[in-house]
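# A look at the structure
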Amino acid sequence: MSFIGIMANRKCFENIKKKITQKIEDESIQFVPINLRSIENIKNIKFETIIIEDNLNKFEKYKGILTKIFKNTQYLMINTDKNEKQKEIEKMTNSITYGLNQKAMVTVSSISDTDILVYWQKSLQNREGNKIEIEERRIKKEQGEAIKTYEILIIYTVFKIYQKDIIEEV
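What this report covers is the structure whose coordinates are included nearby. Quick caveat, the model's predicted, so the values are computed rather than measured. Along each chain, residue indices are assigned from 1 in the same order as the chain's sequence is written. For a predicted model such as this one, the threshold for reporting local features is a pLDDT of at least 70, and the threshold for listing and counting side-chain atom pairs is 80 or more; totals across whole chains, interfaces and linings nevertheless cover every residue. Side-chain calculation: all heavy atoms of the structure are included, whereas hydrogens and water are not.

To continue, consider the overall build of the protein chain. Secondary structure follows DSSP: runs of H or I at least 4 residues long count as helices, runs of E at least 2 residues long count as strands, and numbering of each begins at the N terminus. Looking only at helices and strands, the protein chain features four helices and 10 strands. Along the protein chain, from the amino end to the carboxyl end, the secondary structure elements read β-α-β-β-α-β-α-β-β-β-β-β-β-α. Taking 15 Å as the expected radius of gyration for a compact globule of 170 residues, we find that the protein chain reaches 15 Å, a close match to that expectation. For the protein chain, the spread of C-alpha atoms along the three principal axes comes to 40 × 30 × 30 Å. In this scheme, a residue with accessible area under 20% of its type's maximum is buried, one over 50% is exposed, and one in between is partly exposed, where area comes from a 1.4 Å probe on protein chains only. A total of 170 residues make up the protein chain; the buried ones form 50% of that total. Only four residue types enter the charge count: Lys and Arg as positive, Asp and Glu as negative, with His and the chain ends excluded. Taken as the charge location is NZ of Lys, CZ of Arg, CG of Asp or CD of Glu. Once the 29 positive and 25 negative side-chain charges of the protein chain are each reduced to a mean point, those two points are 6 Å apart. Here the globule rule reads 2.2 Å times residues to the power 0.38, and the radius of gyration is calculated from C-alpha atoms.

Written out as structure tokens, the structure is:
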């Protein structure tokens, strides 16, 4: 069983979970929300992947618990636009930075109303041990879908890590 922890607001958590489970029909992957109410209850779960979409400053009180959880995580995805402290976290595990800034490992080359051009800037091994190569990929937004750019970056990255066919549309 693989656990993916998501530190985000409820709507973002539900959007990510919905989009990934639509494309990956793998019952061995479980999504766990990590928030201020659940953090005490999840401190003994071994996560394979943690996605940090929230600002970590909100979790300052739980820094010790989070450090323990992060050290035991295989992949740690960090939104660098919202977290300035990512440098100390990046040293803990296979960290993947994402955001709209050019220093992020997964970033955006261009955005339009109908699609987004995602740029993977640094190679990394996926969970199967295969190398994820540097690439640029166009992803179309579904008509009428209210999905945010950060959510697209997260979904794209999870697909790359879990070696699933990359989505063409979200």
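The discussion continues.
A word on the packing of helix 1 (residues 10-23) against helix 4 (residues 149-161). A fitted line through C-alpha atoms serves as each axis, taken over the contacting stretch for helices, and the angle formed by two N-to-C directions is quoted from 0 to 180°. With their axes 10 Å apart at the nearest point, helix 1 and helix 4 run at an angle of 40 degrees to one another. Here helix 1 lies oblique to helix 4, going by the angle between them. As helix 1 packs across helix 4, the resulting crossing turns out to be right-handed. Contacts from Cys 12, Asn 15, Ile 16, Lys 19, Ile 20 and Lys 23 of helix 1 reach helix 4 at Glu 151, Ile 154, Ile 155, Val 158 and Phe 159. Residue polarity follows a fixed list, in which Ala, Val, Leu, Ile, Met, Phe, Trp, Tyr, Cys and Pro are nonpolar, Asp, Glu, Lys and Arg are charged, and the others, Gly among them, are polar. Looking at side-chain class alone, the contact of helix 1 with helix 4 contains seven nonpolar, one polar and three charged residues. In these notes the angle categories are as follows: under 35 degrees is roughly parallel, over 145 is roughly antiparallel, 65 to 115 is roughly perpendicular, and the rest is oblique. Two helices that cross are described as forming a left-handed crossing if the nearer one is turned anticlockwise from the farther one by less than a right angle, and a right-handed crossing if clockwise. Here, residues are in contact when the closest pair of their heavy atoms is within 4.5 Å.

Next up on the list: the pairing of strand 7 (residues 115-120). Across the six residues that make up strand 7, a large majority, five, are buried. We treat two strands as partners when DSSP finds at least two bridges between them. As judged from the five bridges shared by strand 6 (residues 106-111) and strand 7, these two strands associate in the antiparallel manner. Bridged to Val 106 within strand 7 is Trp 120. Once strand 6 ends, the chain turns through three residues before running back antiparallel as strand 7. As paired strands, strand 7 and strand 10 (residues 135-140) are joined by six bridges and run antiparallel to one another.

Okay, helix 4 next. A helix is expected to span 1.5 Å multiplied by its residue count minus one. Between its first and last C-alpha, helix 4 extends 19 Å over 13 residues, near the 18 Å set by a 1.5 Å rise per residue. Within helix 4, 13 of the 13 residues are buried, leaving the element largely enclosed by the surrounding structure. The first or second residue beyond helix 4 is Gln 163, which carries a positive phi of 50 degrees.

Before going further, it helps to spend a moment on the side chain of Thr 157. Within the secondary structure layout, Thr 157 lies in helix 4. N or O atoms closer than or at 3.5 Å make up a polar contact, with two conditions inside protein: a donor-capable atom paired with an acceptor-capable one, and, for residues adjacent in sequence, both atoms drawn from side chains. A polar side-chain atom of Thr 157 sits 2.7 Å from the main-chain carbonyl oxygen of Leu 153. When sequence neighbours within four positions are dropped, the list of residues in contact with Thr 157 reads Met 77, Ile 96, Val 106 and Trp 120.

Below, the discussion takes up the pattern of salt bridges. By salt bridge we mean one thing: a side-chain nitrogen of Lys or Arg within 4 Å of a carboxyl oxygen of Asp or Glu. The tally for this structure, following the rule as stated, stands at seven salt bridges. For the salt bridge of Glu 48 with Arg 127, the shortest nitrogen-to-oxygen distance reads 3.2 Å. Linking Glu 48 in the loop between strand 2 (29-33) and strand 3 (49-52) with Arg 127 in the loop between strand 8 (124-125) and strand 9 (131-132), this pair joins segments that are 79 residues apart in sequence. One salt bridge in this structure joins Arg 138 and Asp 115, with 3.2 Å as the shortest N-O distance. Taken together, the residues span a long stretch of sequence, with Arg 138 in strand 10 and Asp 115 in strand 7 at a distance of 23 residues.

Here the focus is the environment of Arg 127. Judged by its relative accessible area of 26%, Arg 127 falls in the partly exposed class. With residues near it in sequence (within four places) discarded, Arg 127 still touches Ser 2, Glu 48, Gln 74, Tyr 75, Ile 161 and Tyr 162. A distance of 3.1 Å separates polar atoms of two side chains, one belonging to Arg 127 and the other to Ser 2.

Moving on to the environment of Lys 61. Mapping Lys 61 onto the fold places it in the loop between strand 3 and helix 2 (63-71). Distance from Lys 61 to Leu 36, taken between C-alpha atoms, is 9.5 Å for residues 25 residues apart in sequence.

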